[in-house]
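Structure assessment
As a plain string of letters, each chain reads:
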Amino acid sequence: MIDTHCHFDFPPFNQALAQYWQAAREVGVTRMVVPSVSEQNWQAVLALTERFAGIYAGLGLHPCFLETHTENSLAALEKALVARPLDCVAVGEAGLDYFVANVPEMKQRQQALLDGQLWLAHRYDLPIILHSCQSHNELLRLVKAYPGVRGVLHAFSGSEQQGKQFIDAGLMLGVGGTVTYERANKTRQAIARLPLEHLVLETDAPDMPLAGFQGKPNTPAQVSRVADVVAGLKSCDRDHLVTETSGNAERMFGFH
Ligand SMILES: [Zn+2]
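Residues numbered from 1 in each chain as written. Predicted model: local features only at pLDDT ≥ 70, side-chain atom pairs only at ≥ 80, totals over all residues. Heavy atoms only, no water.

Here's the deal with the layout of surface pockets
Operational definition: As defined here, a cavity is a set of points on a 1 Å grid over the protein atoms alone where a 1.4 Å probe fits but cannot get out. A pocket is an open set with protein on both sides within 12 Å along at least five of seven lines, and residues line them when an atom is within 4 Å of a point. Grid points are joined across faces, edges and corners, and a volume is the space filled by probe spheres set on the points. Strands here are runs of E lasting at least two residues and helices are runs of H or I lasting at least four, both read from the DSSP assignment and numbered beginning at the N terminus. Polarity classes work like this: nonpolar for Ala, Val, Leu, Ile, Met, Phe, Trp, Tyr, Cys and Pro, charged for Asp, Glu, Lys and Arg, and polar for all others, with Gly in that last group.
Size it by volume and the largest pocket reaches roughly 250 Å³. Where the lining of the largest pocket is concerned, the elements lending two or more residues are β4 (88-97) and β5 (128-133). Of all the elements, β5 adds the most residues to the lining of the largest pocket, at 3 residues. Class assignment for the residues of the lining of the largest pocket results in 6 nonpolar, 9 polar and 4 charged.

Dropping the structure here:
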């Protein structure tokens, strides 16, 4: 099983990395992708990949960390990607967050950073890990400007129609804690109907606690419960679900 999105360099994990990774492995997690959020944590994320077999990194500039990015950040990212180790398998976390960016100037900066990162993903033939909040149409417009770019829209929460649009743009959908909430009817129905060959599993830990675990930090081991719920929604065998979604993640990220 693969957790395709976990911020494993964040607290509380950084207090007890080996224990959290062991707990994930015990429930069947074999691989995990740790996206970064700004230049300041690229080294920490790359260090995780060196310390633990099975952990991979994404290097990127997250839209919610705008204040840490400068006009040199994209150039620095390109330099880091050129020098990337094999365990760096993606650009990201990149994207748009119009809940956070509520003024035009911030939206424009987010768009420019996303556009630059899509260009880098295309240029270096890497998948891109995308974040989108209240910005689906704009994100789609930017992604479509780079035909052939591949990646994942993480923490998908949308309708079946929106899911299809992302899939048509060449993206996988990252399925996480949202679908564990009964009230997330629209997204649950979408996941039930959308083709399994475009879905990957994730936790977004330490964020996005699953239903029944609110108030506690989410952990990568919880991807096992996400698998239970998604198998139930798709009325398919859990082993089949895990094999297929892991295969999707392996094809997209090209783990060596
Ligand atoms: Zn994230």
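Observations concerning the packing of aromatic side chains
Using the following cut-off: A pair of Phe, Tyr and Trp rings is counted when the ring centres sit within 6.5 Å of each other, with Trp represented by its six-membered ring. The angle between the planes then sorts it: under 30 degrees is stacked, over 60 is edge-to-face, the rest tilted. Only protein chains enter the accessibility calculation, which uses a 1.4 Å probe; a residue is then buried when its area is under 20% of its type maximum, exposed when over 50%, and partly exposed in between. For a Lys NZ or an Arg CZ to count as sitting over a ring, it must be within 6 Å of the ring centre and within 35 degrees of the ring normal.
In this structure the tally under the stated criterion is 5 aromatic pairs. Between Y56 and F255, the ring centres sit 4.4 Å apart and the planes meet at 50°, which makes this aromatic pair tilted. Taken together, the residues Y56 in strand β3 (residues 55-59) and F255 in the segment after α9 (238-253) connect sequence positions 199 residues apart. As far as burial versus exposure is concerned, Y56 and F255 are alike and both buried. Over the aromatic face of Y98 sits the side chain of K107, whose NZ or CZ is 4.7 Å from the ring centroid.

Description of the pairing of β3
Quick reminder of the rule: Between any two strands, at least two bridges found by DSSP are needed for them to pair. Handedness is read with the strands pointing away from the viewer; a crossover is right-handed when the path from the first strand over the helix to the second is clockwise.
The element β3 is largely enclosed, with a buried count of 5 among its 5 residues. Burial along β3 is two-sided: the residues I55, A57 and L59 and Y56 and G58 are all buried. Taken together, the 4 bridges between strand β2 (residues 31-35) and β3 define a ladder with parallel strand orientation. The residue bridging V34 from the neighbouring strand is A57, located in β3. Between the parallel elements β2 and β3, the chain passes through helix α2 (residues 39-51) in a crossover that is right-handed.

Brief notes about the side chain of E202
Rules: The positive count covers Lys and Arg only, the negative count covers Asp and Glu only, and His and the chain ends enter neither. The salt bridge criterion pairs a side-chain nitrogen of Lys or Arg with a carboxyl oxygen of Asp or Glu, the two atoms within 4 Å. In the analysis that follows, any N or O atom pair within 3.5 Å is treated as a polar contact, provided that within protein one partner can donate a hydrogen and the other can accept it, and provided that, for residues neighboring in sequence, both atoms belong to side chains. Contact criterion: two residues are considered in contact whenever any of their non-hydrogen atoms come within 4.5 Å of each other.
Tracing the chain through its elements places E202 in the loop between β8 (199-201) and α8 (223-233). Buried and unpaired, E202 has no salt bridge, with R183 as the nearest side chain of opposite charge at 15 Å. Polar contacts involving the side chain of E202 include one to the side chain of H154, which spans 2.8 Å. A distance of 3.0 Å separates the side chain of E202 from the backbone nitrogen of A155, its partner in a polar contact. Setting aside its immediate chain neighbours within four residues, E202 contacts D3, T4, H5, H154, A155, G174, V175, G176, V223 and V226.

What to know about the coordination of the zinc ion
Tetrahedral coordination by four donors puts the ideal angle at the metal at 109.5 degrees, and octahedral coordination by six puts it at 90 or 180 degrees. Keep this limit in mind: Water is not part of the atom set, so a site may look incomplete; the donors themselves are N, O and S atoms within 2.8 Å of the metal, or 3.2 Å for Na, K and Ca.
Distances from the zinc ion to its protein donors, H5 (NE2), H7 (NE2) and E93 (OE), fall within 2.1 Å. Within one chain, the residues donating to the zinc ion are spaced in sequence as H-x1-H-x85-E. You can see H7 sitting in the loop between β1 (2-3) and α1 (17-26) and its partner E93 sitting in strand β4, a full 86 residues away along the chain. Using a relative accessible area of 1% as the deciding quantity, one classes E93 as buried.

Details of helix α5 (residues 136-144)
For clarity, the threshold we go by: Comment: arc refers to directions from the helix axis out to C-beta atoms.
Residues H136, L139, L140, L142 and V143 constitute the buried set of α5. One side of α5 carries all its buried residues, which in axial view fall inside an arc of 165°. Exposed residues pointing more than 90 degrees away from the buried face of α5 are listed as N137 and K144.

Structural measurements only, silent on function.
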